[in-house]
Amino acid sequence: MNFTANSLLLFGATGDLAQRMLLPSVCALHADGLVPEDLSIIGTARHDFDDGAYRNFARAALEKFLPAERRGSMATFLNRLHYQPLDANDTAGFAALAKKVGSTDKGLAIFLSTAPNLFEPTIAGLTASGLTGETVRIGLEKPLGTCLATSREINDAVATAFPEERTFRIDHYLGKETVQNLLALRFANILFEPLWNAAHIDHVQITVAETVGLEGRVGFYDGAGALRDMVQNHMLQLLALVAMEPPANYNATAIRDEKVKVLRALRMVNPNETVTGQYRAGAIQGQPVPGYDEELGKPSETETFVAIKAHLDNWRWKGVPFYLRTGKRLPQRKTEIVVQFRHVPHSIFAGPNRKNAGARNVPNRLVIGIQPEENITLSLMAKVPGLDREGIRLREVPLDIAMADAFAGPMKRIAYERLLLDLIEGDQTLFVRRDEVEAQWEWIDAIRASWAEHGVRPQGYMAGSWGPSSAIALTERDGVHWHE
Ligand code: BG6
């Protein structure tokens, strides 16, 4: 049943995500008149707030995290907010929450962001208090488990109350504009698709580099590490969008059917195809920063960096490595996808006569910048102007599209604006289906098992560097340089 919800229930309503992303996103949607006129928003968490105190809390968050020019309708937005304190372990407490939410007949969208061990009690509480049913859908924020088994437990618990068509698993990378633009680039242009395969592509690189460190997330991050925090979800979703077959339609089933096939085609990696690291003290943009151990306050073997040479065992990608790397405390914040094409089959410029001897022909490269800048650059070879007395010279020139210039009009939106609106309206296209999450975990679990078997421990790297030197060696031994 399709419906637009007129209530939004936010779990974790006093948490970091709510302050930085959720409240600013819904406030921005409200300002643009995009949420239902009668939408009421109920926040819940352990904190002992009443409506008034929560509105003050939300105002402070909006003043901090929403740009002033988007705060115009903040006062009317705050009037939509209500709050109910709740300990998710106390099933009885859900009755008061249900009372606060009121009737769900006109549609309720729940946004559940919680520690993995609270999913089950929360679902039990929602069920006991009647906050489930045909007019209720649920959005689930990561981490959805810590391995395939725990992810299944969570998914099973959720499935007792919410069928798949009312379960919206969030991967906020899918809410990013340039990530969605990948589909437009691949499938709205005839140029790329005929070349998008092992015959013409040498390799693909996906980098998600961050300059931040632990950011105070001590409890969570140390139990997760870069592989589970970033690769299991965001990076594998990027990989799936790059590698999938053309879906028949731009709809949830068609797109997710194709993504899951890619995820299932991931080959188990050998331990020598992965590198893990942990940052030591160093400097980021000239500012000294402590090492991971120091930030954490104890020694740890959690990886803050991982690089992987991945393979897809299917016809399209036979023999094409996908180099993935992500890390904290790297020199710059950068998410990008690099598609490296192959050499031309025969270079007419490398011939024996004086005029063309030795002209260097560099294979084409497509760079899709996702953040901080959104741009698409295709490098092409061109002749350097001149009379060529010493022979023709060729040089790489970029064909550059800066999305901010090309689309100066439309405003840049927070990824969660898109995702929250889709959750309220019930569009699953940009949400992750259960089979995808499970295929992702299966691959990640196998990597972790092989690390355990081979006693792999993270190597130190200096904060502000591009990770351990073996991450460079991972590609260099294939004659490939990371794009920096
Ligand atoms: C989150 C991770 O999912 O994504 C964080 O838990 C990470 O560790 C964040 O910092 C990165 O998101 P973005 O949108 O800033 O690239």
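Predicted, not measured: the structure shown is a model, and the values here were computed from it.

Novice: What's the story with the sheet that holds strand β17 (residues 459-462) in this structure? I'm lost.
Specialist: Sheets are built from strands that pair by backbone hydrogen bonding, the pairs being arranged parallel or antiparallel. Strand order in the open sheet made by the nine strands is β16-β15-β14-β13-β7-β12-β11-β8-β17, with mixed pairing throughout. The open sheet has two edge strands, β16 (394-402) and β17, and neither has a second partner. Pairs of neighbouring strands in the sheet enclose a mean axial angle of 20°, with direction left out of account. As defined by bridge partners, strand β8 (residues 274-280) adjoins β17 across four bridges and the pair is classed as parallel. Its bridge partner being in β17, Y279 is matched across the sheet by Y461. The sheet strands contacting helix α9 (residues 226-243) are β7 (201-209), β11 (305-310), β12 (322-327), β13 (334-341) and β14 (365-371), and the helix crosses β12 at an angle near 145°. Here helix α14 (residues 434-453) sits on the sheet and contacts β8, β11 and β12; the angle it forms with β11, its principal contact strand, is near 110°.

Novice: Would you explain the environment of N375 in this entry?
Specialist: Along the polypeptide, N375 turns up in strand β15 (residues 375-383). Residue class for N375 comes out partly exposed when judged on its relative accessible area of 23%. A C-alpha to C-alpha distance of 7.9 Å links N375 and A404, two positions 29 residues apart in sequence. Once residues within four sequence positions are removed from consideration, N375 is found in contact with V367, I368, G369, I401, A402 and M403.

Novice: What's the story with the sheet that holds strand β6 (residues 167-169) in this structure? I'm lost.
Specialist: Taken together, six strands build an open sheet; the order of strands is β3-β2-β1-β4-β5-β6 and the sheet is parallel. Of all strands in the sheet, those with a lone pairing partner are β3 (81-85) and β6, marking the two edges. Ignoring strand direction, the axes of neighbouring strands in this sheet form an average angle of 20°. Across five bridges, strand β4 (residues 108-112) lies against strand β5 (residues 136-140) in parallel orientation. Within the sheet, the bridge partner assigned to L108 lies in β5 and is V136. Its contacts with the sheet place helix α2 (residues 51-65) against β2 (40-45) and β3, and it is angled at close to 115° to β3.

Novice: Sorry if this is basic, but what is going on with the side chain of Q428 here?
Specialist: With respect to the helices and strands, Q428 occurs in the loop between α13 (415-425) and α14. Look at Q428 and you get buried, because its relative accessible area is 12%. A polar contact of 3.2 Å, which involves the side chain of Q428, links it to the side chain of R256. Ignoring any residue separated from it by four or fewer positions in sequence, one finds Q428 in contact with E164, E165, R166, T167, F168, A252 and R256.

Novice: Help me understand the packing of helix α1 (residues 16-31) against α13 in this model?
Specialist: Packed helices, taken two at a time, are described by the angle their axes make and the gap between the axes. Between α1 and α13, whose axes approach to 8 Å, the crossing angle comes to 65°. Viewed along their axes, α1 and α13 adopt a mutual orientation that is roughly perpendicular. Seen along the crossing, α1 lies across α13 with a hand that is right-handed. Touching L17, M21, L22, S25, V26, A28 and L29 of α1 are Y416, E417, L420 and L421, all from α13.

Novice: Can you walk me through the pairing of β13 in this structure?
Specialist: Within β13, eight of the eight residues are buried, leaving the element largely enclosed by the surrounding structure. Covered by surrounding structure in β13 are K334, E336, V338 and Q340 together with T335, I337, V339 and F341, the residues of both alternating faces. Of the strand pairs in this sheet, β7 and β13 are connected by eight bridges, and their pairing is antiparallel. When the sheet's bridge partners are listed, V204 is paired in β13 with V339. Sheet analysis places β13 next to β14, joined by six bridges and oriented antiparallel. Among the inter-strand pairings, Q340 is bridged to a residue of β14, identified as R365.

Novice: Just to check I follow, could you spell out empty space enclosed by the protein for this structure?
Specialist: Gaps left between atoms show up when a probe the size of a water molecule is rolled over them. Throughout the structure, instances matching the rule amount to two cavities of 30 Å³ or more. Here the largest cavity is characterised by a volume of approximately 120 Å³. Contributing to the lining of the largest cavity are L140, K142, L144, R169, I170, D171, Q232, N233, V432, V437, Q440 and W441. Sorting the residues of the lining of the largest cavity by element identifies α9 and α14 as the ones contributing at least two each. For the lining of the largest cavity, the leading source of residues is α14, giving three residues. Considered as a void within the structure, the second largest cavity measures approximately 50 Å³ in volume. In terms of lining, the second largest cavity is formed by L174, V179, Q180, L183, L241, I255, K259, T429 and L430. When residues of the lining of the second largest cavity are traced back to their parent elements, those giving at least two are α7 (177-187) and α10 (252-264). A class-by-class count of the residues in the lining of the second largest cavity yields six nonpolar, two polar and one charged.

Novice: Just checking my understanding: could you explain helix α6 (residues 148-161) for this structure?
Specialist: Because each turn of an α-helix spans 3.6 residues, side chains separated by three or four positions in sequence point in the same direction. In this model, α6 (14 residues) spans 20 Å end to end at C-alpha, consistent with the 20 Å of a helix rising 1.5 Å per residue. Along α6, the positions that sit buried rather than exposed are L148, S151, I154, N155, A157, V158 and A161. Lining the buried residues of α6 we find α5 (119-128), β5, β6 and α14.

Novice: Would you mind going over the packing of aromatic side chains with me for this structure?
Specialist: Think of a pair of aromatic rings as described by two things: how far the centres are apart, and how the planes are tilted against each other in angle. Evaluation of the coordinates by the stated rule reveals 15 aromatic pairs. Ring centres 6.4 Å apart and planes at 70° place the aromatic pair Y279 and Y461 in the edge-to-face group. Taken together, the residues span a long stretch of sequence, with Y279 in strand β8 and Y461 in strand β17 at a distance of 182 residues. Grouping residues by exposure puts Y279 and Y461 together as buried. Joined through ring pairs, the aromatic side chains of Y221, Y279, Y292, F305 and Y461 make up one cluster. The residue whose ring lies beneath R137 is F3, and the NZ or CZ to ring-centre distance is 3.9 Å.

Procedures and definitions
Residues numbered from 1 in each chain as written. Predicted model: local features only at pLDDT ≥ 70, side-chain atom pairs only at ≥ 80, totals over all residues. Heavy atoms only, no water. Pairing = 2+ DSSP bridges. Helix = DSSP H or I, 4+ residues; strand = E, 2+ residues; numbered from the N terminus. Axes fitted to C-alpha atoms, helices over the stretch in contact; angles between N-to-C directions. Contact = heavy atoms within 4.5 Å. Buried < 20%, exposed > 50% of the residue type's maximum accessible area, 1.4 Å probe, protein only. Polar contact = N/O pair within 3.5 Å; in protein donor to acceptor, adjacent residues only side chain to side chain. Parallel < 35°, antiparallel > 145°, perpendicular 65-115°, else oblique. Left-handed = near helix turned anticlockwise from the far one by under 90°. 1 Å grid on protein atoms, 1.4 Å probe; cavity = no way out; pocket = protein on both sides within 12 Å on 5 of 7 lines; lining within 4 Å. Points joined across faces, edges and corners; volume = space filled by probe spheres on them. Nonpolar A, V, L, I, M, F, W, Y, C, P; charged D, E, K, R; others polar. Expected span 1.5 Å × (residues − 1). Phe/Tyr/Trp six-rings, centres within 6.5 Å; stacked < 30°, edge-to-face > 60°. Lys NZ or Arg CZ within 6 Å of the ring centre and 35° of its normal.

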